[in-house]
Amino acid sequence: TTTTTITTATTTTVANANDHFVNNYMRDGGVVLESGCGAVLYDENGNRYLDFTSGIAVNAFGHGDKRWAAVVAEQAARVSHTSNLFHNRPQVDLAHYLTQIAENAISKPYKAFLCNSGTEANEAALKFARLVRPGG
């Protein structure tokens, strides 16, 4: 059994959150995450947690990886995010990398589809399935 110590700093952070956020998530009132390394997170009291949520399925990059942080900082200093209506070299490079992996594994030409959300990905999956299904 793990005992979580709640400090004044945690209580203050949670009180501030309650004052400023709409209560649309059932947050754990005694946990204020502060840092991490890989799949392990630490709260501001030093308690350790294994991250099974990955930002609620947004990413699974882990935490505190210095190489990843350096690459993200380098890119963010140039362009952090643009609409998919415009080209940018990192997206094109990623698409090339992904299609090469697919083509090497299956020996068929592929194209990449990059999107901004799970909803967009699911919608595209349905459309692609209809596209390749016999009879449309």
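Residues numbered from 1 in each chain as written. Predicted model: local features only at pLDDT ≥ 70, side-chain atom pairs only at ≥ 80, totals over all residues. Heavy atoms only, no water.

A. Seen up close, the pairing of strand β2 (residues 40-43). The pairing of strand β1 (residues 33-37) with β2 spans four bridges and is classified as antiparallel. When the bridges of β2 are listed, L33 appears paired with D43. Of the strand pairs in this sheet, β2 and strand β3 (residues 48-50) are connected by three bridges, and their pairing is antiparallel. Within β3, the position partnered with V40 by the bridge is L50. Between β2 and β3, which pair antiparallel and follow one another directly, the connecting turn spans four residues, one of which, G46, has a positive phi of 90°. (Pairing = 2+ DSSP bridges. Helix = DSSP H or I, 4+ residues; strand = E, 2+ residues; numbered from the N terminus.)

B. Representation of a nonpolar patch on the surface within the structure. Together, L94, Y97, L98 and I101 give the surface a local cluster of nonpolar side chains, amounting to about 380 Å² of exposed area. Among the residues examined, L98 registers a relative accessible area of 37% and is labelled partly exposed. (Patch = residues over 30% accessible without salt bridge, like charges linked within 9 Å, V, L, I, M, F, W, Y side chains within 5 Å. Areas by Shrake-Rupley, 256 points an atom, 1.4 Å probe, with all protein chains shown as cover. Salt bridge = Lys/Arg side-chain N within 4 Å of Asp/Glu carboxyl O. Buried < 20%, exposed > 50% of the residue type's maximum accessible area, 1.4 Å probe, protein only.)

C. The sheet that holds β1, seen in detail. With antiparallel pairing, three strands are arranged side by side in an open sheet as β1-β2-β3. Both edges of this open sheet fall to β1 and β3, since each of them pairs with a single strand only. Averaged over all pairs of adjacent strands, the angle between their axes in this sheet comes to 30°, without regard to strand direction. (Axes fitted to C-alpha atoms, helices over the stretch in contact; angles between N-to-C directions.)

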